[in-house]
Amino acid sequence: MFVQIVFYFLAAVLVGAAVMVITARNPVHAALFLVLAFFTSAGIWLLLEAEFLAIVLVLVYVGAVMVLFLFVVMMLDINLAPLREGFIRYLPVGAAVAAIVVVELALVIGVSDFGLESMPAPPAHPADYSNTRELGKLLYTVYVYPFELAGAILLVAIIAAIALTMRRRTGVKTQNPSRQVEVRREDRIRIVQMPAEPRERVDRS
């Protein structure tokens, strides 16, 4: 009973934080609500005995990705006025789409299909159980090809991001590493030899 109370409490906080992420007008506040959503998701994973995934979610997303988001948002001078324009005009369409999505979710994951009676809590694992070991077995045996395919897709995305940011733009100083590597000393430095001249004597008389 206590586990169910904790689950419903974390689920309510998670849903509230997710709603605030998309409704908060301040980008910094939206990022902080997203951090709260990550923390509550980690708490739900702890209830499912997925300690490794919970720790990775906190360390990677909260400790790295969200800190980067906050730095970018705080360094950029975002004008909030254009973000608020057209909110009332598109509110009916957004509300209708949100209502349709909620109805579809209720039909798919209703109480009859995902209730406590049809899907009870999984049995507790023994003390020597390691979800990290089990996750590694699944990733590198059953799901090895999807795992490698996801890695290749992420690699292509990284290369595409680098290619998009390295494009030539007018008015921006860029470096050409290939030309820098091919630089020779003779092209940049010229040694001039000048004959030594005697110092003129100063007449102190």
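Predicted model, so just to flag it, every value in this text is computed and none were measured.

Glancing now at the overall build of the protein. The secondary structure content of the protein amounts to ten helices and zero strands. Counting helices and strands in the order they occur from the N terminus, the protein gives α-α-α-α-α-α-α-α-α-α. Burial status across the protein gives 11% buried among its 205 residues. Intrachain contacts of the protein at a sequence separation of at least 6 include 56% that bridge at least 24 residues. As displayed, the protein offers around 18,000 Å² of accessible surface, 68% of which is attributable to carbon and sulfur atoms.

Our focus in this paragraph is the packing of helix α3 (residues 51-75) against helix α7 (residues 131-142). With their axes 8 Å apart at the nearest point, α3 and α7 run at an angle of 90° to one another. As judged from the angle between their axes, α3 and α7 are roughly perpendicular. Contacts between α3 and α7 pair Glu51, Phe52 and Leu53 from the former with Asn131, Thr132 and Leu135 from the latter.

Ala31, Val35, Phe38, Ala42, Ala54, Leu57, Val62, Met66 and Leu70 together form the largest nonpolar core, which totals nine residues. Among the elements that make up this core, the one with the highest residue count is α3 (five residues). For Val62, the contacting residues outside a window of four places in its chain are Val35, Phe38, Phe39, Leu57 and Val67.

Inspection of every chain in the model, using the stated rule, returns three aromatic pairs. Ring geometry for Phe7 against Tyr8: centres 5.5 Å apart, planes inclined by 65°, an arrangement best described as edge-to-face. On the basis of relative accessibility, which here comes to 35%, the residue Phe7 falls in the partly exposed class. Among the residues examined, Tyr8 registers a relative accessible area of 49% and is labelled partly exposed.

What follows covers the side chain of Ser41. Mapping Ser41 onto the fold places it in helix α2 (residues 27-47). Taking the relative accessible area as the measure of exposure, Ser41 reaches 19% and is therefore buried. Excluding anything up to four places from it in sequence, Ser41 contacts Leu14 and Leu57.

Okay, α2 next. A rise of 1.5 Å per residue sets the reference length of α2, with its 21 residues, at 30 Å; its end C-alpha atoms lie 31 Å apart and thus fit the reference within 8%. The complete set of buried residues in α2 reads Ala30, Ala31, Val35, Ala37, Phe38, Thr40, Ser41, Ala42, Gly43 and Ile44. Looking at the buried side of α2, the elements it contacts are α1 (2-23) and α3. Once α2 finishes, Glu49 follows within two positions and takes phi at roughly 60°, a positive value.

The next thing to look at is a nonpolar patch on the surface. A cluster of nonpolar residues, Trp45, Leu48, Phe52, Leu53, Ile55, Val56, Leu59, Val60 and Tyr61, forms a patch on the protein surface that exposes about 780 Å² of accessible area. Looking at the element boundaries, Ile55 is found in helix α3.

For the protein, per-residue confidence averages 81 on the pLDDT scale, and 84% of positions sit at 70 or higher. When pLDDT is averaged over each element of the protein, helix α8 (residues 144-165) comes out on top at 89 and helix α4 (residues 80-84) at the bottom at 63.

Glycine aside, a negative phi is what most residues show, and trans is what most peptide bonds show. One non-glycine residue with positive phi stands out, namely Glu49, at about 60°. In this fold, Glu49 is placed in the loop between α2 and α3. For Glu49, a relative accessible area of 27% puts it in the partly exposed group.

With that settled, the discussion passes to the side chain of Asn131. Tracing the backbone shows Asn131 in helix α7. We classify Asn131 as buried; its relative accessible area is 15%. Reaching out from Asn131, the side chain makes a polar contact with the backbone oxygen of Glu49 at a distance of 3.3 Å. Contact partners of Asn131, with chain neighbours within four places excluded, come to Glu49, Ala50, Glu51 and Phe52.

Turning to the packing of α1 against α2, a few remarks are in order. Where α1 meets α2, the axes come as close as 8 Å, and the angle between the chain directions of the two elements is 155°. On the basis of their axis angle, the class for α1 and α2 is roughly antiparallel. Seen from above, α1 lies across α2 with left-handed handedness. Contacts between α1 and α2 involve Val3, Val6, Phe7, Leu10, Ala11, Val13, Leu14, Ala17, Met20 and Val21 on the former and, on the latter, Ala30, Phe33, Leu34, Leu36, Ala37, Thr40, Ser41, Gly43, Ile44 and Leu47.

Cut-off values and rules
Residues numbered from 1 in each chain as written. Predicted model: local features only at pLDDT ≥ 70, side-chain atom pairs only at ≥ 80, totals over all residues. Heavy atoms only, no water. Helix = DSSP H or I, 4+ residues; strand = E, 2+ residues; numbered from the N terminus. Buried < 20%, exposed > 50% of the residue type's maximum accessible area, 1.4 Å probe, protein only. Contact = heavy atoms within 4.5 Å. Areas by Shrake-Rupley, 256 points an atom, 1.4 Å probe, with all protein chains shown as cover. Axes fitted to C-alpha atoms, helices over the stretch in contact; angles between N-to-C directions. Parallel < 35°, antiparallel > 145°, perpendicular 65-115°, else oblique. Core = buried A, V, L, I, M, F, W, Y, C linked by side-chain atoms within 4.5 Å. Phe/Tyr/Trp six-rings, centres within 6.5 Å; stacked < 30°, edge-to-face > 60°. Expected span 1.5 Å × (residues − 1). Patch = residues over 30% accessible without salt bridge, like charges linked within 9 Å, V, L, I, M, F, W, Y side chains within 5 Å. Salt bridge = Lys/Arg side-chain N within 4 Å of Asp/Glu carboxyl O. pLDDT = per-residue confidence, 0-100. Polar contact = N/O pair within 3.5 Å; in protein donor to acceptor, adjacent residues only side chain to side chain. Left-handed = near helix turned anticlockwise from the far one by under 90°.

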